[in-house]
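Coordinate analysis (summary)
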Amino acid sequence: GAPVAAGDVTPQDVRAVFESQVLGAVAAVRAVLPGMRQRGDGALLFTTGASSVIPVAMMGNHGPAGAALRNYALALNQALAPEGIYAGHLAIDLFIEPGRGEADPDAIAERFFELAERRDHAELKIGNHIEQAAAAAAN
């Protein structure tokens, strides 16, 4: 759904995003995890917007759901790493645009690939749109 400001958000606004993002992710993990456990290997990759990491007033419905998904991904990594299964989270803090450096879809895909291949950290945030907007508003 469309973003709803934190001061105006209703339980229904959060529930709708939570159900699709968080519960959808849990259902997907439940579907693929048995095969990963059987192989002793696998990678689960999750994406959120930056409001999962940095509170954004206008994202009163997406921020809480994204934060829950982020928490789930990081907890999965802790729980499953001993079984050879990786879970990683990528927070995107930029507007995706072909040909724009790290905002290019291929560059973002490469960051996911690096997370899954290296498995040396469970989380990455790309871009700094929120910080730039805050700095511009302060001036």
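For the structure, see preceding data.
1. Here we look at the packing of aromatic side chains
Going through the model one piece at a time under the given rule, you end up with one aromatic pair. Between F46 and Y72, the aromatic rings sit 6.0 Å apart at their centres with planes inclined by 75 degrees, giving edge-to-face as the arrangement. Residue F46 is located in strand β1 (residues 42–49), and its partner Y72 is located in helix α2 (residues 62–80); the two are separated by 26 residues in the primary sequence. Taking the relative accessible area as the measure of exposure, F46 reaches 6% and is therefore buried.

2. Regarding the side chain of S52
Mapped onto the elements of the fold, S52 is located in the loop between β1 and α2. Note on S52: relative accessible area 5%, which makes it buried. Within the structure, S52 has its side chain in polar contact with the side chain of T48 (distance 2.6 Å). Here the side chain of S52 touches G49 through a polar contact of 3.0 Å, landing on its backbone oxygen. The contacts of S52, once residues within four sequence positions are left out, are G63, G66, A67, R70, H89 and A91.

3. Examining unusual backbone geometry
Most peptide bonds take the trans configuration, and most residues that are not glycine carry a negative phi. A positive phi is found at R119, a non-glycine position, where the angle reads about 55 degrees. When its relative accessible area of 33% is taken as the criterion, R119 is described as partly exposed.

4. Focus on the nonpolar core
Counting 14 residues, the largest nonpolar core has V29, L44, F46 and L76 as the members making the most contacts within it. Breaking this core down by element, the ones donating at least two residues are α1 (11–39), β1, α2 and β2 (85–92). In terms of nonpolar packing, the next biggest core, distinct from the first, is built from ten residues, Y86, L90, L124 and I126 among them.

5. Digging into the pairing of β1
A regular strand places its side chains so that they alternate between the two faces of the sheet. Side chains of β1 alternate between two faces, with G42, L44, F46 and T48 buried and A43, L45, T47 and G49 left unburied. Of the pairings in the sheet, the one linking β1 to β2 comprises eight bridges and is parallel in character. Each bridged residue has a counterpart across the sheet, and for A43 the counterpart in β2 is Y86. The parallel pair β1 and β2 is bridged by α2, and the resulting crossover is right-handed.

6. Examining the pattern of salt bridges
Summed over the entire model, instances satisfying the criterion amount to five salt bridges. Its salt-bridge partner being E123, residue R70 comes within 2.4 Å of it at the nearest N-O pair. On the criterion of sequence distance, the pair formed by R70 in helix α2 and E123 in strand β3 (residues 123–126) is long-range, its members being 53 residues apart. The salt bridge partner of D93 is K125, with a shortest N-O separation of 3.2 Å. Placement of D93 in the loop between β2 and α3 (105–118) and of K125 in strand β3 is noted, with a sequence separation of 32 residues between them. Overall, the relative accessible area of 2% leaves D93 in the buried class. By relative accessible area, which is 29% here, K125 ends up partly exposed.

7. Thoughts on the sheet that holds β1
An order of β1-β2-β3 is seen for the three strands of this open sheet, with the pairing classed as parallel. Each edge of the sheet is formed by a strand with only one pairing partner; in this case those strands are β1 and β3. Across this sheet, the average inter-strand angle for adjacent strands is 20 degrees, counted without regard to direction. Of the strands in this sheet, β1, β2 and β3 are in contact with α3, which crosses β2 at around 150 degrees.

Rules and cut-offs
- Residues numbered from 1 in each chain as written.
- Predicted model: local features only at pLDDT ≥ 70, side-chain atom pairs only at ≥ 80, totals over all residues.
- Heavy atoms only, no water.
- Phe/Tyr/Trp six-rings, centres within 6.5 Å; stacked < 30°, edge-to-face > 60°.
- Helix = DSSP H or I, 4+ residues; strand = E, 2+ residues; numbered from the N terminus.
- Buried < 20%, exposed > 50% of the residue type's maximum accessible area, 1.4 Å probe, protein only.
- Polar contact = N/O pair within 3.5 Å; in protein donor to acceptor, adjacent residues only side chain to side chain.
- Contact = heavy atoms within 4.5 Å.
- Core = buried A, V, L, I, M, F, W, Y, C linked by side-chain atoms within 4.5 Å.
- Pairing = 2+ DSSP bridges.
- Right-handed = clockwise from strand over helix to strand, strands pointing away.
- Salt bridge = Lys/Arg side-chain N within 4 Å of Asp/Glu carboxyl O.
- Axes fitted to C-alpha atoms, helices over the stretch in contact; angles between N-to-C directions.

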